[in-house]
Amino acid sequence: MVSSYRLRSLYLYDADNWLISRYLSASVSYIPYSSDQYEKNNVQAVREYIDSDADGLLITSYYDERQKRDILRLVMKTFVDNGRTCTGYKICDFFI
């Protein structure tokens, strides 16, 4: 069985949790999203990961009530200085 995941949105944040850039796919652009993903679903897992010393990839999911679909969320920190300094993070949501 082959699965196809489509990118739904991509958010780039700096180390101070300020939104730098975002992308919303055309299929979700009609939904009035806030520019801040922290006002959306499944934020507790993201906050815990960002505030932790973890340096791996966070994989989580949630159900979007508006679109009646499951969403796969990937969160990854960005580092410089051979992994010593976190400069921000990326949040990618995919339709499952």
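Structure: see above.
Residues numbered from 1 in each chain as written. Predicted model: local features only at pLDDT ≥ 70, side-chain atom pairs only at ≥ 80, totals over all residues. Heavy atoms only, no water.

**Quick look at the overall build of the protein chain**
And then number 1: Regarding its fold elements, the protein chain presents one helix and five strands.
And then number 2: For the protein chain, the sequential pattern of α-helices and β-strands runs β-β-α-β-β-β.
And then number 3: The buried share among the 96 residues of the protein chain stands at 33%.
And then number 4: Considering only intrachain contacts with a sequence separation of at least 6, the fraction spanning at least 24 residues in the protein chain is 45%. (Helix = DSSP H or I, 4+ residues; strand = E, 2+ residues; numbered from the N terminus. Buried < 20%, exposed > 50% of the residue type's maximum accessible area, 1.4 Å probe, protein only. Contact = heavy atoms within 4.5 Å.)

**Details of the nonpolar core**
And then number 1: By size, the foremost hydrophobic cluster in this structure holds nine residues: Tyr11, Tyr13, Val46, Tyr49, Ile50, Leu58, Val75, Tyr89 and Ile91.
And then number 2: Among the elements of the structure, strand E1 (6-14), helix H1 (43-51) and strand E5 (85-95) are those that each provide at least two residues to this core.
And then number 3: With three residues, the single largest contributor to this core is H1. (Core = buried A, V, L, I, M, F, W, Y, C linked by side-chain atoms within 4.5 Å.)

**With respect to the side chain of Thr60**
And then number 1: Here Thr60 is to be found in strand E3 (residues 57-64).
And then number 2: The residues touching Thr60, leaving out its near neighbours within four places in the chain, are Asn42, Ala45, Ile71, Leu72 and Arg73.

**Remarks on the pattern of salt bridges**
Any two side chains of opposite charge can pair, so long as their charged atoms come close to each other.
And then number 1: If you walk through the whole model with that rule in mind, you get four salt bridges.
And then number 2: Notably, a salt bridge pairs Glu65 with Lys68, separated by 3.9 Å at the nearest N-O pair. Comparing Glu65 with Lys68 shows no difference in burial state: the two are exposed.
And then number 3: Put simply, Arg8, Asp64, Arg73 and Asp93 are held in one network by salt bridges that share partners. (Salt bridge = Lys/Arg side-chain N within 4 Å of Asp/Glu carboxyl O.)

**A short note on unusual backbone geometry**
And then number 1: Even without being a glycine, Asn17 presents a positive backbone phi close to 65°.
And then number 2: Relative to the assigned elements, Asn17 resides in the loop between E1 and strand E2 (19-24).
And then number 3: Given a relative accessible area of 34%, Asn17 falls into the partly exposed group.
And then number 4: We note that Lys68 has phi near 55°; this positive angle belongs to a residue other than glycine.
And then number 5: Relative to the elements of secondary structure, Lys68 occurs in the loop between E3 and strand E4 (69-80).
And then number 6: We classify Lys68 as exposed; its relative accessible area is 55%.

**A closer look at the sheet that holds E1**
And then number 1: An order of E2-E1-E5-E4-E3 is seen for the five strands of this open sheet, with the pairing classed as antiparallel. At either end of the open sheet lies a strand with only one pairing partner, and these are E2 and E3. Shown here is a sheet whose adjacent strand axes are inclined to one another by a mean of 20°, direction ignored.
And then number 2: Here eight bridges tie E1 to E5, and the two strands are oriented antiparallel to one another. From the neighbouring strand, Leu10 faces E5, where its bridge partner is Cys92.
And then number 3: H1 contacts E3, E4 and E5 of the sheet and is inclined by roughly 10° relative to E4. (Pairing = 2+ DSSP bridges. Axes fitted to C-alpha atoms, helices over the stretch in contact; angles between N-to-C directions.)

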